Amino acid sequence: MGEFDAWVGRSERRTDRVDAGLAARWLATLDLAAGSGSGVPQGLHWCLCVPDAPTAELGEDGHPLRDGGADSFLPPIPLPRRMWASSKVEFLKPLQLGESVERTSTVAGISDKTGGSGKLVFVDIAHETHSGRGLAVREMQTVVYRDAAPAGAPLVPPALGEGTFDPAPWSAHRPVTPRESLLLRYSALTFNAHRIHYDLPYASGIEGYRGLVVHGPLTATLLLDLAQAELGDNALAQFAFRGLSPAICGETLHLVMRGTGDALELGAFAEDGRQVMAANASIT
Ligand SMILES: CC(C)(COP(=O)(O)OP(=O)(O)OC[C@H]1O[C@@H](n2cnc3c(N)ncnc32)[C@H](O)[C@@H]1OP(=O)(O)O)[C@@H](O)C(=O)NCCC(=O)NCCSC(=O)C[C@](C)(O)C(=O)O
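- Per an unreviewed UniProt entry, the protein carries the name 3-methylfumaryl-CoA hydratase and comes from Novosphingobium hassiacum.

1. Considering the overall build of the protein
Item 1. In terms of regular secondary structure, the protein is built from 4 helices and 10 strands.
Item 2. Secondary structure elements of the protein, listed N to C terminal, follow the sequence β-α-β-β-β-β-β-α-α-α-β-β-β-β.
Item 3. The C-alpha radius of gyration of the protein comes to 18 Å, within 12% of the 19 Å expected for a compact globule of 284 residues.
Item 4. Seen along its three principal axes, the alpha-carbon backbone of the protein occupies a region of about 50 × 50 × 35 Å.
Item 5. In the protein, of all internal contacts separated by at least 6 residues, the share reaching a separation of at least 24 is 72%.
Item 6. Only carbon and sulfur atoms are counted for the fraction: they give 53% of the accessible area of the protein, which is about 13,200 Å².

2. A closer look at the sheet that holds strand 4 (residues 118–131)
Two orientations exist for strands paired in a sheet by backbone hydrogen bonds: parallel and antiparallel.
Item 1. The sheet built from 10 strands is open, its strands ordered 1-3-4-5-2-7-10-9-8-6 with antiparallel pairing. Two strands lie at the open edges of the sheet, namely strand 1 (11–17) and strand 6 (172–176), each paired on one side alone. Pairs of neighbouring strands in the sheet enclose a mean axial angle of 20 degrees, with direction left out of account.
Item 2. By the bridge criterion, 8 bridges tie strand 8 (residues 253–260) to strand 9 (residues 263–270) in an arrangement that is antiparallel. Paired with Met257 across the bridge in strand 9 is Leu266.

3. Brief notes about the site of the ligand
Item 1. Residues in close proximity to the ligand total 26 residues, the closest being His63, Arg82, Ser117, His194 and His197.
Item 2. In the model, an oxygen atom of the ligand is placed 3.0 Å from a nitrogen or oxygen of the Gly116 main chain.
Item 3. Here His194 contributes a side-chain N or O atom positioned 2.7 Å from an oxygen atom of the ligand.
Item 4. Burial of the ligand by the protein amounts to 76% of the accessible area it has alone, namely 1,100 Å².
Item 5. For the shell around the ligand, the secondary structure elements donating two or more residues are strand 2 (81–91), strand 3 (100–115), strand 4, helix 4 (216–231) and strand 7 (238–243).
Item 6. Grouping the constituent residues of the shell around the ligand by class yields 10 nonpolar, 12 polar and 4 charged.

4. A short note on the pattern of salt bridges
Item 1. Under the defined criterion, the tally for this structure stands at 11 salt bridges.
Item 2. A salt bridge links Asp52 to Arg14, with the nearest nitrogen and oxygen atoms 3.0 Å apart. Within this pair, whereas Asp52 is found in the loop between helix 1 (20–29) and strand 2, its partner Arg14 is found in strand 1, the two being separated by 38 residues in sequence.
Item 3. Taking the shortest distance from any N to any O, the salt bridge between Asp19 and Arg17 comes out at 3.3 Å.

5. Details of the pairing of strand 10 (residues 275–282)
Each regular strand displays side chains that alternate between the two surfaces of the sheet.
Item 1. Summarising the sheet, strand 7 and strand 10 pair through 6 bridges and their orientation is antiparallel. Among the inter-strand pairings, Gly243 is bridged to a residue of strand 10, identified as Met277.
Item 2. As paired elements, strand 9 and strand 10 share 6 bridges and run antiparallel to each other. Counterpart to Leu264 in the pairing with strand 10 is Ala281.

6. Describing helix 1
Item 1. Buried within helix 1 are the following residues: Leu22, Ala23, Trp26, Leu27 and Thr29. Buried residues of helix 1, viewed axially, fall in a sector of 160 degrees; they line one side.
Item 2. On its buried side, helix 1 packs onto helix 2 (180–189) and helix 4.
Item 3. Phi turns positive, to about 55 degrees, at Asp31, one or two residues after helix 1.

7. Remarks on the environment of Arg66
Item 1. Considering the arrangement of structural elements, one finds Arg66 in the loop between helix 1 and strand 2.
Item 2. Note on Arg66: relative accessible area 23%, which makes it partly exposed.
Item 3. Separated by 10 residues in sequence, Arg66 and Pro76 have C-alpha atoms that sit 4.8 Å apart.
Item 4. Excluding residues that lie within four positions of it along the chain, Arg66 makes contacts with Asp61, Pro75, Pro76, Ile77, Leu79, Pro80 and Tyr145.

Conventions we followed
- Residues numbered from 1 in each chain as written.
- Predicted model: local features only at pLDDT ≥ 70, side-chain atom pairs only at ≥ 80, totals over all residues.
- Heavy atoms only, no water.
- Helix = DSSP H or I, 4+ residues; strand = E, 2+ residues; numbered from the N terminus.
- Rg over C-alpha atoms; globule rule 2.2 N^0.38 Å.
- Contact = heavy atoms within 4.5 Å.
- Areas by Shrake-Rupley, 256 points an atom, 1.4 Å probe, with all protein chains shown as cover.
- Pairing = 2+ DSSP bridges.
- Axes fitted to C-alpha atoms, helices over the stretch in contact; angles between N-to-C directions.
- Near = heavy atom within 4 Å.
- Polar contact = N/O pair within 3.5 Å; in protein donor to acceptor, adjacent residues only side chain to side chain.
- Nonpolar A, V, L, I, M, F, W, Y, C, P; charged D, E, K, R; others polar.
- Salt bridge = Lys/Arg side-chain N within 4 Å of Asp/Glu carboxyl O.
- Buried < 20%, exposed > 50% of the residue type's maximum accessible area, 1.4 Å probe, protein only.
- Arc of directions from axis to C-beta.

Shown next, in the form of structure tokens:
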């Protein structure tokens, strides 16, 4: 029996609308042109039905306080550093501009592990986003909570090494350099006040990162865009990603893809070859 078992099965429901203004700001943030139809490209769902706690109820890290109240959705894991660890997404129906959506999120599991970086608590959250036309997106998101950075510990990830990323084994390759303006706009789109994305003294001094951290779903969205540029808008049926190492603002990310429609492999790598994200996808 785990300390936080009472939270497993708890759920919350949020509603939203695929607003044309939101879609336009999302496309502008990602330097994308609007598509020809009323469908919106994959990845926009991460900007819908987002937590909207009042500012007075945010914790030190900028996320809603995890106070463990009787009606709290997420468990009050005492480990202070939160990261988006991974997600498995099924795209069932493309979202359409103007439609209303409802997302139900359920705590599906909580597990303790010890990793190379110390104690880890993983929380799995099952999300189902319905539009008026039925289930549009199903996602299993895993959030990880980590111990405080030990005093005097080296910042992570380590400074860029001597190595260089080699795109040769990949059939598609796109370098991008996420800068502060991109991170700020993505935080705004997702209503995410997590300080590791915009507050450098906090990100390095408190959480121990070498710079501002690129949002996991932002890197994932950039990979989704690479796949859609090759295969067409809304081409993917399944997409799964896992964050392996923090991506740092201002440093080039090499987005890559290879494989065929039923077994696509994607990745994001730092300039020195360190892998930041691993992903796979399929069109069926
Ligand atoms: C998570 C870290 C610290 C673990 O690194 P580690 O070295 O401590 O762990 P490990 O030794 O690699 O693995 C230990 C165990 O954890 C599992 N594990 C390990 N990683 C994962 C993962 N991703 N997803 C699921 N499981 C994972 C792994 O499989 C293993 O399990 P096992 O003992 O059963 O074999 C390390 O992998 C890391 O730093 N990853 C990068 C995470 C990242 O950059 N996320 C995006 C930025 S944070 C963000 O976007 C925030 C946002 C948007 O504001 C927001 O709060 O929602």
